[in-house]
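# Per-entry structural report
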Amino acid sequence: PLINLHPIHTDNNNNNSQSNASKDNQNSNETTLVISTTSISDFQLVIPFAKGGYGRVDLYKKRTTGDIFAVKTVNIKSMKDKKLYSTLKTETQILNEINSDYIVNCYYIIKEKSNIYYVMEYMKGGDLFSLLSSVYLLKSTIQLITAEVLLSLFYLHSKNITHRDIKPENLLINNNMQLKLCDFGFARKISMKSNENLTDYVATRWYRSPELLITNG
């Protein structure tokens, strides 16, 4: 099965941690995925956000608590048609393994007949791309942003995970102006003991490393 994760918490015992989620999840104890009887019908659509090549992200409210989440919806058939179903499985597995202050939290993964829903931490500050387009950043702010990105990568590499799609659009900002990395659709687990070759394809050409740009033209 696509989702075969061990639930650490259940809907009956995570009310306290869920109440923290509405405050940008800064103090939440719910740091692992919850796989239970939760359905997308337990959430109410608040605001449609954006649609991308592999799904859409919308703002939802949990009906029982009023907590706000960003929900990424991915159509299973569409991913199979594009031969990206294995990518979807990899992203799900990686999200179940990671837990860092510098990575956007995923609280639920809900698999229903047609779609998979990733119920994520809502980052009210938007993304770094929008911030860079609207304000002039002080040198101290740039240094802080750089440090937060490096800390997220240091954590992932310690887990033998490579993200492969670092760009301003995938760096989100919360109420406290803290930067967190998101979107693991192109991430991969790597083994230090194997000679496995990873494809050099990533989502955004303009953020590829120079050697890949030269190789691919």
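Just so you know, these numbers come straight off a predicted model, no measurement behind them. (Residues numbered from 1 in each chain as written. Predicted model: local features only at pLDDT ≥ 70, side-chain atom pairs only at ≥ 80, totals over all residues. Heavy atoms only, no water.)

### With respect to the overall build of the chain
Stated formally: Helix and strand definitions follow DSSP, with helices as H or I runs of at least four residues and strands as E runs of at least two, each counted in order from the N terminus. Buried, partly exposed and exposed residues are distinguished by accessible area as a fraction of the type maximum, computed with a 1.4 Å probe on protein chains only: under 20%, between the cut-offs, and over 50%, respectively. By definition in these notes, contact holds between two residues if any of their heavy atoms fall within 4.5 Å. Note on areas: Shrake-Rupley with a 1.4 Å probe; residue coverage comes only from the protein chains shown.
From N to C terminus, the chain includes six helices and nine strands. Burial status across the chain gives 42% buried among its 217 residues. The contacts of the chain with a sequence gap of at least 6 include a subset with a gap of at least 24, amounting to 63%. Looking at the chain as shown, the accessible area adds up to about 12300 Å², and 53% of this sits on carbon and sulfur atoms.

### Re the pattern of salt bridges
The line we're drawing: Just to be clear on terms, a salt bridge is a Lys or Arg side-chain nitrogen sitting within 4 Å of an Asp or Glu carboxyl oxygen.
Scanning the model with the defined rule gives six salt bridges in all. Ionic pairing is found between Glu91 and Lys72, a salt bridge with its closest N-O pair at 2.9 Å. Highlighted residues: Glu91 in helix 3 (residues 85-97) and Lys72 in strand 3 (residues 68-75), separated in sequence by 19 residues. Side by side, Glu91 and Lys72 carry an identical accessibility label, which is buried. A salt bridge links Glu121 to Lys180, with the shortest nitrogen-to-oxygen separation between them at 3.0 Å.

### Concerning the pairing of strand 2 (residues 55-62)
Rules: Pairing between strands is defined by DSSP: at least two bridges between them are needed.
Of the strand pairs in this sheet, strand 1 (residues 43-52) and strand 2 are connected by eight bridges, and their pairing is antiparallel. Bridged to Ala50 within strand 2 is Val57.

### Focus: the nonpolar core
Filter applied, for reference: For our purposes a nonpolar core is just a set of buried Ala, Val, Leu, Ile, Met, Phe, Trp, Tyr and Cys residues, chained together by side-chain atoms within 4.5 Å.
By size, the foremost hydrophobic cluster in this structure holds 32 residues, and its most contacted members are Ile98, Ile103, Tyr118, Leu156, Leu179 and Phe184. Those elements that provide at least two residues to this core are helix 2 (76-81), helix 3, strand 4 (106-111), strand 5 (115-121), helix 4 (128-134), helix 5 (139-158), strand 7 (171-173) and strand 8 (179-181). With residues near it in sequence (within four places) discarded, Ile103 still touches Ile98, Glu121, Ser152, Tyr155, Leu156, Lys180, Leu181 and Phe184. The next biggest cluster of nonpolar side chains, apart from the first, holds 10 residues, and it includes Ile40, Phe43, Tyr60 and Tyr107.

### Brief notes about the pairing of strand 3
Most of strand 3 is tucked away, with six of its eight residues classed as buried. With six bridges connecting them, strand 2 and strand 3 associate as antiparallel partners. Bridge pairing links Tyr60 to Phe69 in strand 3. Counted along the chain from strand 2 to the antiparallel partner strand 3, the turn is five residues long, and its residue Gly66 has a positive phi close to 80°. Here strand 3 pairs with strand 5 via seven bridges, running antiparallel. Of the residues in strand 5, the one forming a bridge with Phe69 is Glu121.

### Quick word on a nonpolar patch on the surface
Definition in use: Patch definition: residues with relative accessible area over 30% and no salt bridge; like charges joined within 9 Å; nonpolar side chains (Val, Leu, Ile, Met, Phe, Trp, Tyr) joined within 5 Å.
Judged by side-chain polarity, Val46, Ile47, Phe49 and Val57 come together as a nonpolar surface patch covering roughly 300 Å² of accessible area. A per-element tally of the nonpolar patch places strand 1 first, with three residues. Mapping Val46 onto the fold places it in strand 1. Accessibility expressed as a relative area gives 39% for Val46, which makes it partly exposed.

### So, the side chain of Asn115
Stated formally: Under the rule applied, a polar contact is a pair of N or O atoms within 3.5 Å (in protein, one hydrogen donor and one hydrogen acceptor; residues adjacent in sequence only if both atoms are side-chain atoms).
Its location among the elements puts Asn115 in strand 5. We classify Asn115 as buried; its relative accessible area is 16%. There is a polar contact of 3.1 Å between the side chain of Asn115 and the side chain of Tyr117. Residue contacts for Asn115: discarding those within four places in its chain leaves Thr73, Val74, Asn75, Ile76 and Ile110.

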